Number of protein chains: 2
Amino acid sequence: MTDTRATILVVEDEPEIRRFLRSALGTEGYKVVEAGSVKRGAIDAASHKPDLAIVDLGLPDGEGIELIRQVRAWSPMPLIVLSARAGEAGKIAALDAGANDYVIKPFGIGELLARVRSALRGVVRPSGGGHTLKLGGTAIDLDARTASRDGTPIHLTPIEYRLLTCLARNTGMVVTQGQLLREVWGPAHESDTHYLRIYAKQLRDKLEPDPLQPRYLVTETGIGYRLFCD
Amino acid sequence: MTDTRATILVVEDEPEIRRFLRSALGTEGYKVVEAGSVKRGAIDAASHKPDLAIVDLGLPDGEGIELIRQVRAWSPMPLIVLSARAGEAGKIAALDAGANDYVIKPFGIGELLARVRSALRGVVRPSGGGHTLKLGGTAIDLDARTASRDGTPIHLTPIEYRLLTCLARNTGMVVTQGQLLREVWGPAHESDTHYLRIYAKQLRDKLEPDPLQPRYLVTETGIGYRLFCD
DNA sequence: GATTGGCGTAAAGACGGCGTAAAGATTTGC
DNA sequence: GCAAATCTTTACGCCGTCTTTACGCCAATC
């Protein structure tokens, strides 16, 4: 599990910091991929499948936190957030969205590298299997972000994916409403439980053989939801 | 899991911070184990096998970093370091010794809890073991929040489940009515003992082989109830 | 042997959570 | 800039769960 040639994705718009990171990470032996926006970051994360990503929160085309949610919907890769904001609320939001660490700018490069090493440690490189679910006639590939039913592809919206992966990570176990809301919509919507009901129905309509009698996406009244698979 | 009673080991010598952490982690639903020294910390980590440990660096009988090395030698559990020192060298040393995160005192409790959630996320809890009860033909998995009788699943309502776990935590021992009422319904209903009779019956109907002659959920007249298991 | 308190049992009512639908607001893609 | 897709908001009916209420039983007490 040596990380000699681990690939790291850097999502940062300020050229100066980008150069700084590229040089520092490069001399440490990492392969560096760079992106300057949320959109590019999402694409590069999917295409390069890096072993770790460093994400700035203040990006030109949106909040980095949105990128975190997107990536978390299909990958468990370590995510380190870089931010100029030291406020606690921002930290909590980023961490609950799926970030593994939160570093405040300005940061010491030594510390950042140590946090990278720490995050990379114990990461099992993509071994290939395991990330496909089978629910009766429907199959879901969490890596490729695709789903199909009896061969014909099904389209899932971003939120539907996030909710599904959040449930799929704990197959067979109850995931509480608070957990789901925090991870999918962020801590601010922790009490908007009606979102869950709406998207649970949408997922059931798309995935369940008989949406009126759910077999795979089961609700635990007063607690949360639970996903079964064959 | 997410969210079913993860155990957290707190290694900290200052009583004030300890109390603070115990209360904060407790209300979040975590089970808390405490230690005040490196030596006790190492022992408790080995014996309780917590899902995560929060370690202070300045301990009376040595550096917390030593404890980190010891634990890392045999366990991949998440380790969060607490420290009053903000120096970069210390951070790097702790992280490279095996820590997953480094939080500087004074810290916001919200941030710490978010970092705990983040570290706990994706941790596969050693299932099996002590978190399943066997009552004759019925099996109860406290982690997955499921119960089954001769293979067929049984549905438990939230209150039924809370009552059951409350009893299961003290298997073989009497739990007083006051305790049960306080933990399940809250302190306001401490004298509504008839609730207990109603839900005791419901549990018996669902779990006991012969509900008319309870073998596992036994009432201790005037005191409370007691749960046996095989 | 009557009485009292604690427990078991049953059933009806109240409440809240859940599913469902549809319209409005926002974002995305062309 | 427009159209489509997606997300959010709002509303309502149903059903499960919880609470309330009532009554029968047993054991202990007097």
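Please read these numbers as outputs of a predicted model, since none were measured by experiment.

The partner chain A presents 33 residues to the 30 residues of chain B that form the contact. Summed over both sides, the interface of chain B with chain A buries roughly 2,500 Å², with 46% coming from carbon and sulfur. A salt bridge links D96 of chain B to R117 of chain A, with the shortest nitrogen-to-oxygen separation between them at 2.7 Å. Linking chain B to chain A there are 18 residue pairs in polar contact (both at pLDDT 80 or more). When contributions to the side of chain B that touches chain A are tallied by element, the ones reaching two or more residues are α4 (88-97), β7 (101-104) and α5 (109-120) of chain B.

Residue and element names in this part refer to chain A. Domain annotation for chain A reports domain 1 (7-124) and domain 2 (132-227). On a C-alpha basis, the centres of domain 1 and domain 2 stand 27 Å from each other. If you look at the interface, domain 1 gives 11 residues, while domain 2 gives 13 residues. Our count for the contact surface shared by domain 1 and domain 2 stands at 1 salt bridge. Put simply, R162 and E66 hold a salt bridge, and the shortest N to O gap is 3.4 Å. The tally of links between domain 1 and domain 2 comes to 1 residue pair in polar contact (both at pLDDT 80 or more).

The immediate surroundings of DNA strand D are formed by 18 residues, with H155, T157 and Y195 of chain A together with H155 and Y195 of chain B found nearest. Sugar and phosphate atoms constitute 79% of the interface atoms of DNA strand D, taking the interface as everything within 4 Å of the protein. Secondary-structure elements contributing two or more residues to the surface near DNA strand D are α6 (158-168) and α8 (193-207) of chain A together with α6 (158-168) and α8 (193-207) of chain B.

Right, let's get into helix α3 (residues 64-72) of chain B. Every buried residue belonging to α3 of chain B is among G64, I65, L67, I68, V71 and R72 of chain B, and all of these are buried. Projected down its long axis, α3 of chain B carries its buried residues within an arc of 155 degrees, all on one side.

Residues and elements named next belong to chain B. Side chains T138 and I140 project from strand β9 (residues 138-141) onto a buried face, and the interleaved A139 and D141 project onto a face without burial. One ladder, built from 4 bridges, connects strand β8 (residues 132-135) with β9; its direction is antiparallel. Counted as the bridge partner of T132 is D141 from β9. Adjacent in sequence and paired antiparallel, β8 and β9 are bridged by 2 residues, among which G136 carries a positive phi angle near 70 degrees. Here β9 runs beside strand β10 (residues 146-149); their pairing, made up of 4 bridges, is antiparallel. Looking at β10, one finds that D141 is bridged to T146. Connecting β9 to the next strand, β10, in antiparallel fashion are 4 residues, including R145 with a positive phi near 65 degrees.

Rules used in this analysis
- Residues numbered from 1 in each chain as written.
- Chains lettered and ligands numbered in written order.
- Predicted model: local features only at pLDDT ≥ 70, side-chain atom pairs only at ≥ 80, totals over all residues.
- Heavy atoms only, no water.
- Contact = heavy atoms within 4.5 Å.
- Buried area = accessible area lost by both parts, 1.4 Å probe.
- Salt bridge = Lys/Arg side-chain N within 4 Å of Asp/Glu carboxyl O.
- Polar contact = N/O pair within 3.5 Å; in protein donor to acceptor, adjacent residues only side chain to side chain.
- Helix = DSSP H or I, 4+ residues; strand = E, 2+ residues; numbered from the N terminus.
- Domains from an automatic or database assignment.
- Near = heavy atom within 4 Å.
- Buried < 20%, exposed > 50% of the residue type's maximum accessible area, 1.4 Å probe, protein only.
- Arc of directions from axis to C-beta.
- Pairing = 2+ DSSP bridges.

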